[in-house]
Amino acid sequence: AQSVTQLDSQVPVFEEAPVELRCNYSSSVSVYLFWYVQYPNQGLQLLLKYLSGSTLVKGINGFEAEFNKSQTSFHLRKPSVHISDTAEYFCAVTSYSSASKIIFGSGTRLSIRP
Amino acid sequence: EAQVTQNPRYLITVTGKKLTVTCSQNMNHEYMSWYRQDPGLGLRQIYYSMNVEVTDKGDVPEGYKVSRKEKRNFPLILESPSPNQTSLYFCASKFSVGSSTDTQYFGPGTRLTVL
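Nothing here was measured: the structure is a model prediction, and the numbers come from that model. (Residues numbered from 1 in each chain as written. Chains lettered and ligands numbered in written order. Predicted model: local features only at pLDDT ≥ 70, side-chain atom pairs only at ≥ 80, totals over all residues. Heavy atoms only, no water.)

### Description of the overall build of chain B
Regarding its fold elements, chain B presents 0 helices and 11 strands. When the helices and strands of chain B are placed in sequence order, the string is β-β-β-β-β-β-β-β-β-β-β. Rg of the C-alpha trace for chain B: 13 Å, near the compact-globule value of 13 Å for 115 residues, within the 12% margin. Oriented by its inertia axes, the alpha-carbon framework of chain B measures out at about 40 × 30 × 30 Å. (Helix = DSSP H or I, 4+ residues; strand = E, 2+ residues; numbered from the N terminus. Rg over C-alpha atoms; globule rule 2.2 N^0.38 Å.)

Now the structure itself:
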């Protein structure tokens, strides 16, 4: 079975400051990892995904994430946030053997202060 | 425009009154799924469908039914809603059920309140 833990339910940061949203997973098999963003009153959209290869993955809107197999982590980072990044962010995991199932974390609410 | 649509977007109902939330996608996707989102719990899968007439339970199927008579539509049915089904519901689809790497596309959500 797989699981995802997002360590912070809320992260407040000042505009133009860097941010890191933490995600840890557990799985007995090789995984694929995703970050989704949910803007207020909208559905989820894909930010980035790790499938294989380079452990540093770049996504939309200047976000990137690093896959760390030894620490079973997939933290999301942005060097300088904007007000428009205010949203909830979800980490998710799936695997080759469970193509029909994706497990989501509980979400991290990112609030940007001017 | 490629999209997943849900109707209604907001619904307030009473305990026991049957309701259906519709979901439709225009991308010819094989796979469709329903999730509910509750504070602190993230998204939990209710049911999914791998193709027409093929459906299966997710993690929290109790109190819900689904059907997949056409490829584009995947309605969620609550035969006798209860207050613990008050939640935000999302429909999603992806091209191929056999691929873990396909991106899932999400609808805008349906906020359901059961009194």
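### A closer look at the nonpolar core
Judged by nonpolar contacts, the single largest core of 29 residues is most densely connected at Trp35(A), Leu48(A), Leu76(A) and Tyr89(A). Apart from the residues within four sequence positions on either side, Tyr89(A) is in contact with Gln6(A), Leu21(A), Trp35(A), Tyr36(A), Val37(A), Leu47(A), Phe63(A), Leu76(A), Gly107(A), Thr108(A) and Leu110(A). Membership of the second largest hydrophobic core comes to 19 residues, among which are Val21(B), Phe74(B), Leu78(B) and Val114(B). (Core = buried A, V, L, I, M, F, W, Y, C linked by side-chain atoms within 4.5 Å. Buried < 20%, exposed > 50% of the residue type's maximum accessible area, 1.4 Å probe, protein only. Contact = heavy atoms within 4.5 Å.)

### Some points on the packing of aromatic side chains
Counted by the stated rule, this structure contains 12 aromatic pairs over all chains. Plain terms: the ring middles of Tyr31(B) and Tyr48(B) are 6.1 Å apart, the flat faces sit at 25 degrees to each other, and that makes the pair stacked. Separated by 17 residues along the polypeptide, Tyr31(B) in strand S4 (residues 31-38) and Tyr48(B) in strand S5 (residues 42-51) bring together distant segments of the chain. By the burial criterion, Tyr31(B) is buried, and Tyr48(B) matches it. Of the aromatic side chains, those joined through ring pairs into one cluster are Phe34(A), Tyr36(A), Phe104(A), Tyr35(B), Phe90(B) and Phe106(B). The aromatic ring of Phe14(A) is capped on one face by Arg113(A), whose charged end is 5.8 Å from the ring centroid. Sitting over the face of the ring of Tyr31(B), Lys94(B) holds its NZ or CZ atom 5.1 Å from the ring centroid. (Phe/Tyr/Trp six-rings, centres within 6.5 Å; stacked < 30°, edge-to-face > 60°. Lys NZ or Arg CZ within 6 Å of the ring centre and 35° of its normal.)

### Some thoughts on the pattern of salt bridges
All names here are of chain A. Using the criterion set out here, one finds 11 salt bridges over all chains in the structure. A salt bridge links Arg77 to Glu20; the shortest N-O distance between them is 2.8 Å. Here the residue Arg77 occupies a position in strand S9 (residues 73-78), and Glu20 occupies one in strand S3 (residues 19-21), the gap between them amounting to 57 residues. Of the residues examined, Glu20 reaches a relative accessible area of 35% and is grouped as partly exposed. (Salt bridge = Lys/Arg side-chain N within 4 Å of Asp/Glu carboxyl O.)

### What about the state of the cysteines?
All names here are of chain A. Applying the stated criterion to the full structure yields 2 disulfides over all chains. Between the sulfur of Cys23 and that of Cys91 lies a disulfide, 2.0 Å long from S to S. Handedness of the Cys23-Cys91 disulfide follows from its S-S torsion of about -65 degrees: it is left-handed. Linking Cys23 in strand S4 (residues 23-26) with Cys91 in strand S10 (residues 87-95), this pair joins segments that are 68 residues apart in sequence. (Disulfide = S-S within 2.5 Å.)

### Considerations on the sheet that holds strand S8 (residues 76-78) of chain B
Strand order in the open sheet formed by 4 strands is S1-S3-S8-S7 (chain B), with antiparallel pairing between adjacent strands. In this open sheet, the two edge strands, each paired with only one partner strand, are strand S1 (4-7) and strand S7 (65-66) of chain B. (Pairing = 2+ DSSP bridges.)

### Examining unusual backbone geometry
The linkage connecting Asn7(B) with the following residue, Pro8(B), adopts the cis geometry, with an omega of -5 degrees. Here Pro8(B) lies in the loop between S1 and strand S2 (10-13). Its identity as a non-glycine residue notwithstanding, Asn41(A) has a phi of 60 degrees, on the positive side. Positive phi is not limited to glycine here, since Thr72(A) has a value of about 45 degrees. For Thr72(A), a relative accessible area of 30% corresponds to the partly exposed category.

### Quick word on the interface of chain B and chain A
Interface size is often expressed as the accessible area that is lost when the parts come together. With 26 residues of chain B at the contact, the number on the chain A side is 25 residues. With both chains or domains summed, chain B and chain A bury close to 1700 Å², and 51% of this area falls on carbon and sulfur atoms. Between chain B and chain A we count 1 salt bridge in total. When contributions to the side of chain B that touches chain A are tallied by element, the ones reaching two or more residues are S4, S5 and strand S9 (87-94) of chain B. (Buried area = accessible area lost by both parts, 1.4 Å probe.)

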